[in-house]
Every structure is written in structure tokens, then in C-alpha cells.
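Each chain is listed here by its residues.
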Amino acid sequence: MKVYEGKEIRNVGLIGHGNSGKTSLAAGILYLAGVTNRLTRVDEGNTLTDFDDEEIQRKITISTALAFAEWNKTKINLLDTPGFNIFINDAKASLVAADSALVLVDGVAGVEVQTEKVWSFAADYKLPRALVINKLDRENASFDRTLASIHENFGRTAVPVTLPLGAEREFRGVIDLVQMKAYVYEPGGKGAGKEESIPPELAEAAAKARETLVEMVAEGNDALMEQFFENGTLEPEQLVEGLRAAVREMRLFPVLCASALNNVGTDCILNFIVDYFPSPVDRGPVPGKLDGEDVARPVADDQPVSAFAFKTVA
């Protein structure tokens, strides 16, 4: 088995309302990373994280399942959690093992009851978060309407880092606002986008959205704010570093767009996890008890091994 340093690990909880697409996103990630040789589907009952007979029959996640994938020399541990009310406490119990969370939001329904609940769970654990507006290929899906729902519930610090290319059946890709590049996907394909230039009809909207992103990144950093006032923008490397710090300090909650079922936008999500989410090392010392006394163990490769059992199976 390959050995990873602490800085090369990401522990990510997939959370959201039931049927928001968490298991489908996990399936797309595993396919793109080469863990599976096909894109598995909930409706076909063959996903790796919904393996229980009851889950296959009901087509919902009942209990948190684990999976891992390697991307850009980084090991990503996924916690695919349940999203329906009757099983939601398992999601809360499992997030204690995560260092960050992806909150999936249905592109048709917007923020729902359990979306708010799992958001509060992640906040209780002080987990950096990003949101994924999913199912943008569905009829009546709307990125703008769903983003408005997110802002209404979670505030203006939820800021897009990708925009959709097309809508509903025409949803075919994403625009990366950090790199200012467009990526087009084959529906149901591998999940790796083909780089293209931003379509002229979307250039103005993309430029405006990027300007908003730059302003939000600079807002909480005095040095970047000074740079922004001087030049009216930030250099690409400054934007990346500023966004990374803002995510890990929970000052910003980036918003990405995707269709997990059709594996659209998956590589952008993986790149985001690797580039911006914290590793266990970044999260600081872990509190615990030793001989009845409160202690804190630093997370470092040169420290003794500690194991934490957060879930048992009978």
C-alpha cells in the first residue's frame, strides 16, 4: 500500500439533503480516479458506497460509507453520508472524522431542510465547506435561483468559483473563474473536461463573477485588499493563495456546479478538494484523553500513531 504524508491526505464529508446526489458524485469521483472501470449508478444498485441490501432496494443512503481515491498525488477519503431525516444523525456522527465538507444542493429544489441541518453539523465541527449545485442537467434546474437560495440561507460568503455552460438539457460544462477557462464534458463520460475558451456570450458574465470572487477573497485580507485597491485586481497566484486561506479560515464558502449523474464537473471538484481543502496537518492538534487527563496530540508524520474509531458495524 502506498504511504502518504499527512499533507497529502484530504478527509471530505459528502453531505446534503436526501437525493441531492452525494452517492452519484462519489461514483463519478471513483470512476474518474480509476477506482472503478465504469460509472456506477444508484438506480442500477451497483455503487460502491450504497452496498447494503436495504440501500440498494430503497435507492437511498442509510449509513455512512467510506471510499478513497487518489488525485494529483493526493489521497482523498470520502465519507458518503445519509441525507434523509430518519438517518441524518449518522451524518453528524461521521463528520467528526472529516476535515472538510462538500455540501450538495439540488439545482431544482435549492436549499432544503436537511441541507440546513447538515450545514449546522459542519459548523459545529468547524469544518471548512464548499457547496456543489448539482443536477443542473435536470428540467427546471437553475444555477442562479439555487445560488439565491444559498445566499438567503447561508449568506453572501458563499461565492461561485465555477459557472455553468448551458442549462437543463444543454448543460455541458463549467467555467473555472480562477483560471478563466471553460471545460466541456461528454455526458456520462469519464468526468475529465476538455479545455476550451469561454464562449463570447458568457464572457461578460464570467468576468463579472470573477471580479466578485476577487473582491470577496481580498475583503478579509489586509495585504490583498491593499493590492486590490492599487491594481483593481489580484494576480492569479495571489487569488489562489487568498482563496485557499479564506476557505480554511471559513471566511468564504465556494460554490461549484455539476451534474453528478452525468459526471460533468467532477475533475474541477477534485482539483478544488486538492488545492483548497485542508489536510489533517492543517487542522491542528486533536484533543483526547490519556489516563483520564485531557491531552492534545499534534497531527504530524513524526508523531506516534493514534487511531480514532468513529463508527462501528454490528
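See the structure shown above.
Residues numbered from 1 in each chain as written. Predicted model: local features only at pLDDT ≥ 70, side-chain atom pairs only at ≥ 80, totals over all residues. Heavy atoms only, no water.

### A short note on the overall build of the protein chain
Here comes step 1: Counting its regular elements, the protein chain contains 9 helices and 13 strands.
Here comes step 2: For 314 residues, the compact-globule estimate of 2.2 N^0.38 gives 20 Å, and the C-alpha radius of gyration of the protein chain, at 19 Å, lies within 12% of that figure.
Here comes step 3: Each principal axis of the C-alpha atoms in the protein chain carries an extent, and together these give about 60 × 50 × 40 Å.
Here comes step 4: Within the protein chain, buried positions represent 51% of all 314 residues.
Here comes step 5: Residue pairs in contact within the protein chain that sit at least 24 positions apart in sequence constitute 66% of those at least 6 positions apart.
Here comes step 6: One finds the centroid of the 32 positive side-chain charges in the protein chain at a distance of 3 Å from the centroid of its 47 negative side-chain charges. (Helix = DSSP H or I, 4+ residues; strand = E, 2+ residues; numbered from the N terminus. Rg over C-alpha atoms; globule rule 2.2 N^0.38 Å. Buried < 20%, exposed > 50% of the residue type's maximum accessible area, 1.4 Å probe, protein only. Contact = heavy atoms within 4.5 Å. Lys, Arg positive; Asp, Glu negative; His and termini not counted. Charge placed at Lys NZ, Arg CZ, Asp CG, Glu CD.)

### Some details on the pattern of salt bridges
Here comes step 1: As enumerated under the stated definition, the model contains 14 salt bridges in all.
Here comes step 2: With a closest N to O distance of 3.8 Å, Asp106 and Lys135 form a salt bridge. Note that Asp106 is positioned in strand E4 (residues 100–106) and Lys135 in the loop between strand E5 (129–134) and helix H5 (143–154), a separation of 29 residues in sequence.
Here comes step 3: With a shortest N-O distance of 2.5 Å, Lys289 and Asp294 are connected by a salt bridge.
Here comes step 4: Put simply, Asp106, Lys135 and Arg138 are held in one network by salt bridges that share partners. (Salt bridge = Lys/Arg side-chain N within 4 Å of Asp/Glu carboxyl O.)

### Some remarks on the sheet that holds E5
Hydrogen bonds along the backbone pair up the strands of a sheet, which may run parallel or antiparallel.
Here comes step 1: Here we have 7 strands laid out as an open sheet, ordered E2-E3-E1-E4-E5-E11-E6, and mixed in their pairing. The sheet is open, and its two borders are formed by strand E2 (65–71) and strand E6 (158–160), each paired with just one other strand. Mean inter-strand twist for the sheet, computed between neighbouring axes without regard to direction, equals 30 degrees.
Here comes step 2: Of the strands in this sheet, strand E1 (9–16), E4, E5 and strand E11 (253–257) touch helix H4 (residues 113–124), which is tilted by about 170 degrees from E4. (Pairing = 2+ DSSP bridges. Axes fitted to C-alpha atoms, helices over the stretch in contact; angles between N-to-C directions.)

### Things to note about the packing of helix H1 (residues 22–32) against helix H9 (residues 266–276)
Pairs of packed helices are described in terms of their axes, by the angle between the two and the distance that separates them.
Here comes step 1: Their axes nearest at 10 Å, the elements H1 and H9 cross at an angle of 85 degrees. Taken as axis vectors, H1 and H9 run roughly perpendicular relative to one another. Contacts between H1 and H9 involve Leu25, Gly28, Ile29 and Leu32 from the first element and Thr266, Asp267, Ile269 and Leu270 from the second.
Here comes step 2: Its residues placed into classes, the contact of H1 with H9 shows 5 nonpolar, 2 polar and 1 charged. (Parallel < 35°, antiparallel > 145°, perpendicular 65-115°, else oblique. Nonpolar A, V, L, I, M, F, W, Y, C, P; charged D, E, K, R; others polar.)

### Notes on the side chain of Asp267
Here comes step 1: Here Asp267 shows up in helix H9.
Here comes step 2: For the buried residue Asp267, which engages in no salt bridge, the nearest side chain bearing the opposite charge is Lys181, 12 Å off.
Here comes step 3: When sequence neighbours within four positions are dropped, the list of residues in contact with Asp267 reads Leu32, Trp71, Tyr185, Gly191, Ala192 and Gly193.

### Section: the environment of Arg38
Here comes step 1: With respect to the element layout, Arg38 can be found in the loop between H1 and helix H2 (53–58).
Here comes step 2: The exposure class of Arg38 is partly exposed, given its relative accessible area of 41%.
Here comes step 3: Residues Arg38 and Lys190, spaced 152 residues apart in sequence, show a C-alpha to C-alpha distance of 8.4 Å.
Here comes step 4: Those residues in contact with Arg38 that lie beyond four places of it in its chain are Tyr31, Glu44 and Asn46.

### Some thoughts on the sheet that holds strand E10 (residues 194–196)
Here comes step 1: In space, the 4 strands of this open sheet follow the order E7-E8-E9-E10, with antiparallel pairing throughout. Of all the strands in the sheet, just strand E7 (162–165) and E10 have a single pairing partner and so form its edges. Averaged over all neighbouring strand pairs, the angle between strand axes comes to 30 degrees, with direction disregarded.
Here comes step 2: Pairing between strand E9 (residues 181–184) and E10: 3 bridges, direction antiparallel. Within the sheet, the bridge partner assigned to Tyr183 lies in E10 and is Glu195.
Here comes step 3: Against the sheet, helix H6 (residues 200–219) engages E7 and strand E8 (173–176), with an angle of about 165 degrees to E7.

### As for H9
Here comes step 1: For H9, the tally of buried residues reaches 9 of 11 residues, placing the bulk of the element in the interior.
Here comes step 2: Residues of H9 that are buried include every one of Thr266, Asp267, Cys268, Ile269, Leu270, Phe272, Ile273, Val274 and Tyr276, and no others.

### Some points on the nonpolar core
Here comes step 1: Counting residues in each nonpolar core, the largest one holds 86 residues, and the members touching the most others are Leu102, Leu131, Leu213 and Leu243.
Here comes step 2: Those residues within four positions of Leu243 in sequence are excluded, and the remaining contacts are Val161, Val178, Leu213, Val217, Leu252, Pro254 and Tyr276. (Core = buried A, V, L, I, M, F, W, Y, C linked by side-chain atoms within 4.5 Å.)

Worth remembering: the numbers are spatial, not functional.
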